[in-house]
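Close look at the chain arrangement
Each chain is listed here by its residues.
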Amino acid sequence: MRVPLSWLREYVELPAEVTGRELATRLIAAGLEVETVDAAGADLTGPLVVGRVLAIEELTGFKKPIRYCQVDVGNTQPQNIVCGARNFTGGDLVVVALPGAELPGGFAIGARTTYGRVSEGMICSASELGIGDDHSGILVLGPGHEVGADVIGPWALRDDVLDIAVTPDRGYALSIRGVAREAATAYGVAFRDPADLDLTGDDGTSYPAGIADPSACDRFVLREIRGLDPEAQTPMWMRVRLARAGMRPVSLAVDVTNYLMHELGQPLHAFDRGKLSGPIVVRRARPGERLETLDHVKRVLDPEDVLITDDSGPISMAGTMGGLNSEIDEKSTDLVIEAAHFDDVGVARMVRRHKLHSEASYRFERGVDRELPLYASAKAARMLAELGGAELLPGVTHAEVPVAQTVITIPADHPDRVAGVDYGRDTVVRRLAEVGCRVAGGDTLTVTPPSWRPDLADPNDLAEEVIRLEGYDRIPIRAPRSVAGRGLTAAQRLRRRTGRALAAAGHVEVLSSPFAAERDWDDLQLPADDARRRALRLANPLSEDEPLLRTTLLPALLRTLTRNVGRGFPDLGLFEIGLVYRPRPDAPTGPAPRLSVDRAPTAGELASIEAMLPDQPLRVATVLSGDRESAGWWGKGRPAGWADAIEAARTVAAEASAEVEVRADQHAPWHPGRCAALYAGGTLIGHAGELHPRVIQAYGLPPRTCAMEIELSRLDPSGAVQAPHVSAYPVATQDVALIVDATVPAAEVEAGLRAGAGELLESIRLFDVYTGEQAGEGRRSLAYTLRFRAPDRTLTVEETTAARDAAVAEATARTGAVLRG
């Protein structure tokens, strides 16, 4: 929201010495986010005056058309000026920068010889004056300007412009009216409401209209004007203000509606009266309806879309954009002006569905004053009558659905208890009245919020208003008191250790948003009945592309990997630790209870909220692509494989003092022949392996990309990590090669060897896999290295051999393995 200071001063009696930066400081203290203060036209100096073109001489012999113009600038001697623009004729009024002037950007104007003639100044375009982007031709003024008159002061070409980032709960600040009210409160000066109009004479009705769906709109107002001069131009003071606010001038009718939207915060729309057929009705869309909007896009409408319609069908997407079939054009003289109060949720969902955001929808989404349509439409009609010579028809069409007024009961000391500051009842009442509330009562106040503050809905909202207006700097600063000796919980320590261990193993941590799209489930090749497809849908998503809460960490990780590979980083290992959200089938529905901020919630309140929440297990996932070990002078590199993904799981489990058991499995999105189920203590904690080729293709990943995802919440966080005892006695090594059926997992053979070897076994490692004639058809040879060591003595050959034989016997009993000769 861009706010010119000169526009603000029209409704606030600010001290003359107040600058834009000083005002920004006050507004920031009151809770508004002023991002920048632009000194528009600060480097603009005069003389800059209105001139009339007296004569034009066409110069020839140059690469482009050049004109030598004689211009009356109000003094005794006309100025001769060279100009290349072609969009003006003799008699036109223009803006002339005379010698000595300086235009924005440090462009100094002087008398100089060019194209063989002396040019005594410059005829200016809107771009050169810093009031628009149009540099295709010079700025031609309408009638009513005095030749020789200065334009810098009357047009406010030098002005401070505040750029305010308006938060979703402060829709009233998306207008000069709202910011002016805040400025008046900040300085303790008078405020004049630009919407304070006398509506006498509104008897009777205008163009027929009605509301068919009260959930879509609760107030709809129409007014008619006739005989608008199509040649009427937007006055320069309005064009300059629109340009400062970031809007492009279009035509008088469009500019007036945009101007009042910025001034009052009420979006308006003008229909060409001659293009309407039958009564106007506000309703939801019907199946199969279409509308071509003003941006020339033909849109298929959704049954939840809020529409303005007539007998011909849809003519506008309510609160968003009008239809091409009722657009005003250069021939439009009879207009129907519409102002309404549409449902904020309905508009927000509609613009996200169609990816059609506009200045109007931006305001409706954040809440518009329900009382404004009558006043804003009246002001628009009067301005068009005054500036465009139109006839204002008597009467107004006013369709309305009764809406209960919000009334809040609040203890007078509630803001005191929330902030920990003794404000007192009188201060609370005074601050709420400055906001616009009606306040009654003694120790318990009955507060009626103003119509322009739909965000004030409960006592805590009112407390916030008192606190921010009194100043956040008044709240005492106290360091939080921590209970001595507690520190991090066991789960927090496990999460921290996990991140450090994965980083030490060469992975890079990423933090992604917890949102997902339905297409992710298809890209991951999840079966139709997979539990991960049952995701919670957000009521108000940041993007309609990702309206779901994630049930797995992998989609965001894979997209991040794709982005990095596309930027030339193919050899990468990424990891993320975060929550996923799994809906409970027995969770109650309905609104959650609102908790008070001045006391701790009760056990019952906490239980009711927790029952509505989804399961939120903490998970950790990794993805790997490219080379795990780089090639160099030392030798060949090694690509990342499924074994690296499993090893990442072992790294995580080791931080919880858990052993990972690996079993072959088939689980999307992994390759059915290269997927491992991971168990700890007999509990399934996740999966790892190589991704399915279709998943790799869907995300545009390198071939053989691998991933791992396990549930950190299923590991015991209290398991203390202890350094292993290192024996001072020598190690004894034994190699064994066992031939097993090709379908027998190596993990089962390893488990048998480990179980049979006993306590003397220090480690076991698979170092070779052989398939060939010597192993036999359908069989393979697995070779392991067994390391034995005793903590208190040197092992004898007999002890080592016995331990090895026991290990082989147990593996044979479990898997049918045969010792290879």
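Above this text you will find the structure in question.
Structure report, in brief. Bear in mind the structure is a predicted one, so any value in this text is a computation, not a measurement.

**Comments concerning the environment of Leu-32**
- In this fold, Leu-32 is placed in the loop between helix H2 (20–29) and strand E2 (33–40).
- Between the C-alpha atoms of Leu-32 and Ala-173, which are 141 residues apart in sequence, the distance is 8.4 Å.
- Dropping the residues within four chain positions of it, Leu-32 is found in contact with Leu-27, Ile-164, Arg-170, Ala-173 and Glu-182.

**Here's the deal with helix H13 (residues 490–504)**
- Taking 1.5 Å as the rise per residue, H13 with 15 residues should run 21 Å; its terminal C-alpha atoms sit 21 Å apart, in good agreement.
- Leu-494, Thr-498, Gly-499, Ala-501 and Leu-502 are the residues of H13 that are buried. Taken down its axis, H13 places every buried residue within 165° of arc, on the same side. Seen from the buried face of H13, the exposed residues on the opposite side, beyond 90 degrees, are Arg-500 and Ala-504.
- Those residues of H13 hidden inside the fold are in contact with strand E32 (572–579), strand E33 (618–625) and helix H17 (642–654).
- Gly-506, located one to two residues past H13, shows a positive phi value of around 100°.

**Brief notes about the environment of Glu-182**
- Position of Glu-182 relative to the elements: it lies in helix H4 (residues 176–187).
- Judged by relative accessible area, which is 6%, Glu-182 ranks as buried.
- Through-space distance from the C-alpha of Glu-182 to that of Ala-809 is 85 Å; in sequence the pair is 627 residues apart.
- Side-chain polar atoms of Glu-182 contact the side chain of Arg-468, separated by 2.7 Å.

**Observations regarding the packing of aromatic side chains**
- Enumeration over the complete set of coordinates arrives at five aromatic pairs.
- Ring centres 5.6 Å apart and planes at 80° place the aromatic pair Trp-237 and Tyr-259 in the edge-to-face group. Here Tyr-259 lies in helix H6 (residues 252–264) and Trp-237 lies in helix H5 (residues 236–244), a separation of 22 residues in the sequence.
- One aromatic cluster is present, built from ring pairs that chain together Trp-7, Trp-237 and Tyr-259.
- The residue whose ring lies beneath Arg-663 is Tyr-679, and the NZ or CZ to ring-centre distance is 3.9 Å.

**Side note on the sheet that holds strand E41 (residues 761–770)**
- Reading across from one edge, E41-E42-E40-E43 is the order of the four strands in this open sheet, with antiparallel pairing throughout. Two strands bound the open sheet, and with one partner strand each, they are E41 and strand E43 (818–819).
- Pairing between E41 and strand E42 (residues 779–788): eight bridges, direction antiparallel. Looking at E42, one finds that Arg-765 is bridged to Thr-785.
- This element, helix H19 (residues 746–757), spans strand E40 (732–741), E41 and E42 of the sheet and lies at about 35° to E42.

**Section: the pattern of salt bridges**
- Counted by the stated rule, this structure contains 63 salt bridges.
- For Arg-417, the salt bridge goes to Asp-413, with nearest N and O atoms at 3.7 Å.
- Judged by its relative accessible area of 38%, Asp-413 falls in the partly exposed class.
- Salt bridges sharing common partners tie together Arg-170, Glu-182, Arg-453, Asp-455, Glu-464, Glu-465 and Arg-468.

**Points about the pairing of strand E4 (residues 66–72)**
- For E4, a buried count of five out of seven residues is recorded, marking the element as mostly surrounded by other parts of the structure.
- Sheet topology places strand E3 (residues 48–59) next to E4; seven bridges connect them, and they run antiparallel. Within E4, the position partnered with Ile-56 by the bridge is Cys-69.
- The turn linking E3 back onto E4 is made up of six residues, and Gly-61 within it adopts a positive phi angle of 90°.
- Relative to strand E5 (residues 79–83), E4 is paired through five bridges, and the arrangement is antiparallel. Residue Cys-69 lies in a different strand from E5, and its bridge partner there is Ile-81.

What counts and what doesn't
Residues numbered from 1 in each chain as written. Predicted model: local features only at pLDDT ≥ 70, side-chain atom pairs only at ≥ 80, totals over all residues. Heavy atoms only, no water. Helix = DSSP H or I, 4+ residues; strand = E, 2+ residues; numbered from the N terminus. Contact = heavy atoms within 4.5 Å. Expected span 1.5 Å × (residues − 1). Buried < 20%, exposed > 50% of the residue type's maximum accessible area, 1.4 Å probe, protein only. Arc of directions from axis to C-beta. Polar contact = N/O pair within 3.5 Å; in protein donor to acceptor, adjacent residues only side chain to side chain. Phe/Tyr/Trp six-rings, centres within 6.5 Å; stacked < 30°, edge-to-face > 60°. Lys NZ or Arg CZ within 6 Å of the ring centre and 35° of its normal. Pairing = 2+ DSSP bridges. Axes fitted to C-alpha atoms, helices over the stretch in contact; angles between N-to-C directions. Salt bridge = Lys/Arg side-chain N within 4 Å of Asp/Glu carboxyl O.

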